[in-house]
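# Structure assessment
Below, each chain spelled out in residue letters.
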Amino acid sequence: MKKSNNSGPRNIFAAQCKRWEEMETASLQGQSSDPAEDGTAAGRLMIRVNGVLHDVKDEDPQMPLAEYLRSILHLCGTKTMCHEGGCGCCVVVIEYDDPVKPEKRMIKSMNSCLFPIGSLLSLKNHQVITIEALGSVKKGLHPIQQRLADYNGSQCGFCSPGFVMQMYGLLKNNATPGAQEVEDNFDGNVCRCTGYRPILDAMKSFVKDADIRLRGSFTDMEDLMICPKTKWPCKRSSLGEVVPCTGPAEGSTSKLYNKDGIKWYQPTTLTQLYLLMQEHSREAVKLVHGDTAKGVYKGDGPYKISIDVKGIPDLYKVTMEPDGLKVWSNVTLSSLIDYLKQYSDQSPSYNVIARHLLKVANGPVRNAGGWAGNLMMKWKYREFVSDVFVVFEVAGAKVTVSDITGLNTYTPMQFLDVNMQGKVLLYVEIPKLTEGEKMNTYKIMPRMQNAHTYVSAGFRVQLRAWDKKQSVESISMVYTGISKHFIHAVATEKYLQGKDITCNVTLQGALTILEKELIPDDNNPLLASAKYRKSLALGLFYKFFLSLLSENVVSPCNRSAQYSLERPVSTGKQTYCSKPEEYPLTKPMPKLNAHLQTSGEAQFINDLLPVPNELFAAFVLSTEGNATISTIDITAAMSVPGAAAVLKAKDIPGSNTFVPPPMEVEEILSSGPVLYAGQPIALCVADSQHHALQMVGEVKVTYKDQKPPIVTLDEAIEKKSFYPPPAKEILVGDPTGAISVSPCKIEGELRVGEQYHFHMETQICRCVPTEDGLDVQASSQWLDFAQQAIAGAIGIPVKDINITTKRLGGAYGGKGTRASLVACSAAVAATVLCRPVRCIMDLSTNMKTIGKRHGYIFKYKVGFNEDGTLNGVIITYYCDNGSSPNDNEVGLALFFSDNAYKCKNWQLTPIAVKTNRAAHTWCRAPGSTPNIFVIETILEHVAKFLSLDPIRVKQKNLYAQGDTTPMGFVLPYCSIRELYSSQLTKVDVAGRLQAIKKFNADNSWKKKGLAVVPLKYCLFWTDGYYLCTVSIFASDGSVIVSQGGIESGQGLDTKVAQVCAYALGIPVDFISIKPTTTINSPNSGATGGSITSELNCLGVKNCCEILRKRMKPVKDKLPPGTSWKDLVAACFKDKVNLTAQYWVWPDPQPRDAPQYNSYGVTVAEAEIDVLTGENQISQVDILFDCGESMNPDIDIGQVEGAFVMGMGYWLLEKMIYDPKTGEVLNAGTWDYKPPFSKSIPINFNIELLKNAPNPMGVLRSKASGEPPQCMSCATLFAVKRAIEAARQDVGQDTYFPLSGPATVSVIQTSCLVDYRNFSI
Ligand SMILES: Cc1cc2nc3c(=O)[nH]c(=O)nc-3n(C[C@H](O)[C@H](O)[C@H](O)COP(=O)(O)OP(=O)(O)OC[C@H]3O[C@@H](n4cnc5c(N)ncnc54)[C@H](O)[C@@H]3O)c2cc1C
Ligand code: FES
Ligand code: FES
């Protein structure tokens, strides 16, 4: 530890201090010394957004920029969802002068949900650029907006502005990025709809050497040139007044007060900072740099004093000193990475650190957040898995801490014990490696991007070469993710000193000691298992150890341990055919609203401006899982500013249920009994969302009669906690007998977890009382249901509830019955308080309160012949329904039990299990996705039992035309056998299997696998009922359409418009699809089950046919070639009714058979890292029968989106519950991991089956929204095949079940890695 001489600075401090005090006074009195430069002049605190200055002196400086943009400036193109830096939909670009090189502009994409508006004042000449500044449909789109739309890169459109802004940030820094750079750029953006491929393609079309396929006919690269004068893209119209810059002048200090007495300071010199720290040395002070830590530790604070350090230029310095790089504390992670790369010739470790830091968080967080804030998080929360800490500690970095009295220097580890009260992290010195030193670091995460680590490790060693050997002079081994206190593997470090690393004895000796000293924490359900983390830590050391050895020393099969999986730039092919003669039907075209979506103009409910007197509602959730409410104390909540009311069950004017009869009651607010942790028990209503959430924190609830909740399926099965049978057991033939006489038999058990829908627009509804009853804007997939539920809850007739839904920001089943919880709550509050009320669930509430895709345990017995032919199958399905049986799916699941396989004897028993969890609900391809996985597993199990190739065993059992399913349905048009064999040939399965076999034999620590999954998916139309209306305007022939389905990103409106245009023989742009309402489409059924698009297309087609029939007599009288407009006018004159309506509700097929079946085959190939469990899906080829696609662009989008959502389910997304209360623990983006853009297959090829008209479909088409998802389990099986290869190496070539999700940790554990097998 070094103490510096601080007498010099102290004197300077004193002088500066006086000056600062004068400045502060002047500033507070609005008498800045330099009004031209100082944005605080005349008491004004100006921030600039899209070229316009706004005074924020009356705002809370801590207010997130997103909130300011949306609520104050009404710039709602910027969306918000997670409010924690984890989803990217709020990304904006912020420009400012480089604090150390003012002539240089910094241009950074950042998460506006985290960035506080006060901080903008510290950035000189700042400018916030939002999606609105780029372009609009009326004024013209920016090329990025245009391409994203044209490449079909938006479905629901909620994520689109974030992607556009993230790309804009990249291109403003580098107009000609490479493809890899573009793909790397999106490590902070979630899209749940598209499967990312079209987004990446759109963005890669900006790459200079873009694939010709991607470049298309765009010629607008030069549009991205930035005008040096206005700093805006050239060729643009004016973006409003560009005024002189803002930002505090050197030497001034601005000080903002917010209403609640919180002080916010903005020093511009270190002296000012020290003095402020000294002045407030007894208070809790928050230094604000990027302010991103609050995305991780939301509960941090509250702080009365915030000091924004961003305005201190001295803290941005970076210098290359003789000993290494000296980096001051305002340097962001992004800049640090850039500097490390810039100086990488100085030390090989700099590249290593840069590579590691690139895996921290995501681009926008790294652009705002700094290394100092990260280290402080580690200082404050010892369990925080800080990557910065690991790399600094292993690199031998020293951090310098200062206060007004002077400086002290520490190692990162020593720093953890420093009293930081009143102190500042000043700089870090990162030394160069010395001669003979080698260093590497590793970070193993649950997902390739934007994920905190399971275990990170860093190793630095000084080696001495002698006589063909290498011995360790010194070694540093640093870990995070093991336990709060475990940092250095001290005993192993000691052991290794002086040891020769070219022999196995040293390796094993070190591993044995390391194994003993690694004692992982095992008491946090959010962490991966202790067993995994320990094994991983050993594996990482092994990787490093081998990397020190020259190639000829390491045996060839072990070399694969030395490198990590490398993901190349992704690619993919989309193959389909269309019929130009039928255009616009079958035409691949972007969605009607795509441009509105990518420009951020598409309005979602939360984008609606508040109406006068509007209130906001937020739920108080139960923290117990099985109890009775004793008291609810609202006193403190009602004293929150803006509080309007706290509503309880007794305040509900009608029935306390958000599901209409005959469904079982599900209470809107608990009347006493608590069925699960996360259940709403009160509703806080206030003048803003912020205040409503603040109130929630102040409501105090006590409970009585607490009983242990049933939180797992196993417990429920043991206690026989079941609902009444949801469907009849299916018994076909004599399965028990068939199994008993079969030459081969197996039995097994398998599980699948739950999946959160992860719609980017969380549950939301706004209710406005009117003279006509209640006007409701609901984000619901089922308006009729919500209408009945609201009517019941507030006790007024259904006719008085008017619901409108223009679009959903994603739904995937989560906004079916569940959407009426927020709808009823908003309606109750609006009715009781006689004011408009908006109820929006934040992500955490949404994840805790609303059920997910049902979890299952499956138990099976199977009998079969020696060639793998199935004789009898018995499966029991234990389906977790949670606390209500209402959205039961297990009955439906039976229809998919057989997938594509024939067997004469079946017994399928559905059991609906009752647990103390939120009632689970339908999620994209409900029932089918998990249940197809079971039969696929059974076939895999059969194959393994017989040591046969599962691909062939599956092929043997496939249905043939005319076969009958266990539900008794004959398959009249079954083509699965042909599809299966043609796909095997087309994608060269045999050749690839050979190559994989060789690869696996040659490599011990990387393994590959390939799997094939066929599909038969039955589509039923019986529950699809919708009212469609088509009206032609007499004056100009334009057409409006209303239909009963809800546009939720699936392209419903576009397909309907295409069908309407085709049926009437007019261009698509004559047609407008109006929002769905209960006025124009009453009684319409739910949007779901993949059938909504086709049935509404059917309804609209029939409307058009009615109209054409009515118009025909008039048309026949007119001369050929009469224009549409004239024809319509003539019809009107002839008193033709130009509005037609059609009620679609197809009759069931004979014996309730499906309307038709969809078929498909997927081949997936995976590679895994055995030592870590990391994996990537190298290639997926999907052949899908979509009939005659109405719009191949949309259908391909559905296939990709569904498949990638399925991949998330099988490989990534794991719900974690508190074992004691059942509360969802991972309710946020930090711990719940849906796929990101690098989770998708590297080579992703989709083919829509050609020449496959569907005689039973609407206009010969087939559904595409859900069926493809059921083949996504192919990715899990491909991974499983790779795991099998690893197990073969350790002599465990037997069957093992691989349940879903097979996360990185599960994969590694399944590989049975044993450090005792590690060798050179
Ligand atoms: C979505 C997301 C993902 C993330 N993923 C990772 C990850 O994978 N690995 C990882 O290691 N981290 C991760 N992080 C953490 C991230 O790296 C930190 O949030 C960031 O580095 C903090 O820097 P900041 O400048 O924003 O700090 P701030 O939020 O501004 O400050 C954080 C704390 O540091 C204090 N502080 C700031 N500057 C100083 C200073 N100079 N001297 C003394 N105290 C100071 C503040 O008072 C505050 O207490 C993630 C964060 C988010 C939001
Ligand atoms: S809302 Fe900002 S990252 Fe999610
Ligand atoms: S289009 Fe990306 S989330 Fe819907």
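Let me sum up the structure you'll find in this document. (Residues numbered from 1 in each chain as written. Chains lettered and ligands numbered in written order. Predicted model: local features only at pLDDT ≥ 70, side-chain atom pairs only at ≥ 80, totals over all residues. Heavy atoms only, no water.)

This part covers the sheet that holds strand E42 (residues 1175-1184). Working definition: the strands of a sheet are paired by backbone hydrogen bonds and lie parallel or antiparallel to each other. An order of E19-E43-E42-E41-E35 is seen for the 5 strands of this open sheet, with the pairing classed as mixed. In this open sheet, the two edge strands, each paired with only one partner strand, are strand E19 (571-575) and strand E35 (1006-1019). Here the average twist between neighbouring strands, direction ignored, is 10 degrees. Summarising the sheet, E19 and strand E43 (residues 1243-1248) pair through 5 bridges and their orientation is parallel. When the sheet's bridge partners are listed, Thr 575 is paired in E43 with Glu 1247. Of the strands in this sheet, E19, strand E41 (1156-1169), E42 and E43 touch helix H36 (residues 1192-1211), which is tilted by about 130 degrees from E43. (Pairing = 2+ DSSP bridges. Helix = DSSP H or I, 4+ residues; strand = E, 2+ residues; numbered from the N terminus. Axes fitted to C-alpha atoms, helices over the stretch in contact; angles between N-to-C directions. Contact = heavy atoms within 4.5 Å.)

Attention shifts here to the pairing of strand E34 (residues 905-914). Counted residue by residue, E34 has 9 buried out of 10 residues, so it is predominantly covered. In the sheet, strand E26 (residues 730-732) pairs with E34 via 3 bridges, with the strands oriented antiparallel. Residue Ile 730 lies in a different strand from E34, and its bridge partner there is Leu 908. The pairing of strand E33 (residues 870-882) with E34 spans 10 bridges and is parallel. When the bridges of E34 are listed, Gly 882 appears paired with Lys 914. (Buried < 20%, exposed > 50% of the residue type's maximum accessible area, 1.4 Å probe, protein only.)

Near ligand 1 there are 35 residues, and of these His 289, Thr 292, Asp 387, Leu 425 and Lys 443 occur at the shortest range. One of the side-chain nitrogen or oxygen atoms of Thr 292 is found 2.6 Å away from an oxygen atom of ligand 1. A distance of 2.7 Å is found between a nitrogen atom of ligand 1 and a side-chain nitrogen or oxygen belonging to Asp 387. Protein contacts shield 96% of the accessible area of ligand 1, which totals 970 Å² for the unbound molecule. Of all the secondary structure elements, the ones that give two or more residues to the shell around ligand 1 are strand E9 (285-288), helix H14 (371-380) and strand E15 (424-431). Taken together, the residues that form the shell around ligand 1 break down as 17 nonpolar, 12 polar and 6 charged. (Near = heavy atom within 4 Å. Polar contact = N/O pair within 3.5 Å; in protein donor to acceptor, adjacent residues only side chain to side chain. Areas by Shrake-Rupley, 256 points an atom, 1.4 Å probe, with all protein chains shown as cover. Nonpolar A, V, L, I, M, F, W, Y, C, P; charged D, E, K, R; others polar.)

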